[in-house]
Every structure is written in structure tokens, then in C-alpha cells.
Amino acid sequence: MAKKKRMSKDQEFQIMKLVLDKFLWLGFIVMGWGMYTSIRDAAILPGLWYMLAGAILLFLFLIIIVKEYEILR
């Protein structure tokens, strides 16, 4: 049986940055679409739902980072 290779902490962190960066882009794109929808329709409520969904995505991003990596004081 072949031994599995293990990643260093830095390699793990670099991969996490690549993956979670997509969450950031997705969250800001959804919030931007909500802002565009609000301005285009001259009504706040339709775009507000998109902006809320983008904020939830960004909040999930925060939870994943805090859960995965300890914040040292």
C-alpha cells in the first residue's frame, strides 16, 4: 500500500484561498445584481432579496474561515 502524501499548512491555506475566493466573488456578484435590479426597476424590494442572498453567502464564507482556522490572540 502506498502512503498518502500530506500537505503542509501553507499548501492547505493556499488551496483554501483559491476555493473560498470564489465564495467572495459569488457573494459580491449577487449583491451587485441586486443593486442593479433595484436601480433598474426603481423599486428596492426585488433587489433587496438579491442583496440579502449575497450577504448570506458572505456570512457563510466568514463561518467557514472561522471554523477552519483558529484565530489566535
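As shown above, the structure is provided for reference.
Residues numbered from 1 in each chain as written. Predicted model: local features only at pLDDT ≥ 70, side-chain atom pairs only at ≥ 80, totals over all residues. Heavy atoms only, no water.

1. Regarding helix α2 (residues 44–68)
Relative to the 36 Å expected for 25 residues at 1.5 Å per residue, α2 spans 36 Å between its end C-alpha atoms, a close match to the ideal helical length. Among all positions of α2, only Gly47, Met51, Gly54, Leu57, Leu58 and Phe61 are buried. Buried residues along α2 sit against α1 (9–41). (Helix = DSSP H or I, 4+ residues; strand = E, 2+ residues; numbered from the N terminus. Expected span 1.5 Å × (residues − 1). Buried < 20%, exposed > 50% of the residue type's maximum accessible area, 1.4 Å probe, protein only. Contact = heavy atoms within 4.5 Å.)

2. Concerning unusual backbone geometry
Of note in the backbone geometry, Ala42 takes a positive phi value of approximately 55° without being a glycine. One can find Ala42 in the loop between α1 and α2.

3. Overview of a nonpolar patch on the surface
A cluster of nonpolar side chains, Ile44, Leu45, Leu48, Trp49, Leu52, Ile56, Phe59, Leu60, Leu62, Ile63 and Val66, forms an exposed patch at the surface whose accessible area comes to about 1100 Å². By the secondary structure assignment, Trp49 is in helix α2. (Patch = residues over 30% accessible without salt bridge, like charges linked within 9 Å, V, L, I, M, F, W, Y side chains within 5 Å. Areas by Shrake-Rupley, 256 points an atom, 1.4 Å probe, with all protein chains shown as cover. Salt bridge = Lys/Arg side-chain N within 4 Å of Asp/Glu carboxyl O.)

4. Section: the packing of α1 against α2
In a pair of packed helices, the angle between the axes and the distance between the axes together describe the arrangement. Running from amino to carboxyl end, α1 crosses α2 at an angle of 165°, the nearest separation of the two axes being 6 Å. Compared by their axis directions, α1 and α2 come out roughly antiparallel. Crossing geometry of α1 relative to α2 is assigned as left-handed. (Axes fitted to C-alpha atoms, helices over the stretch in contact; angles between N-to-C directions. Parallel < 35°, antiparallel > 145°, perpendicular 65-115°, else oblique. Left-handed = near helix turned anticlockwise from the far one by under 90°.)

5. So, the pattern of salt bridges
In total, this model carries one salt bridge according to the counting rule given. Between Arg40 and Asp41 there is a salt bridge whose closest N-O contact spans 3.1 Å. The exposure class assigned to Arg40 is partly exposed, which follows from its relative accessible area of 45%.

6. Concerning α1
End to end, α1 covers 48 Å across 33 residues, agreeing with the expected 48 Å (1.5 Å per residue, within 8%). Taken together, the buried positions of α1 are occupied by Met16, Leu20, Gly27, Val30, Gly34, Thr37 and Ser38. Looking at the packing, one finds that the buried side of α1 touches α2.

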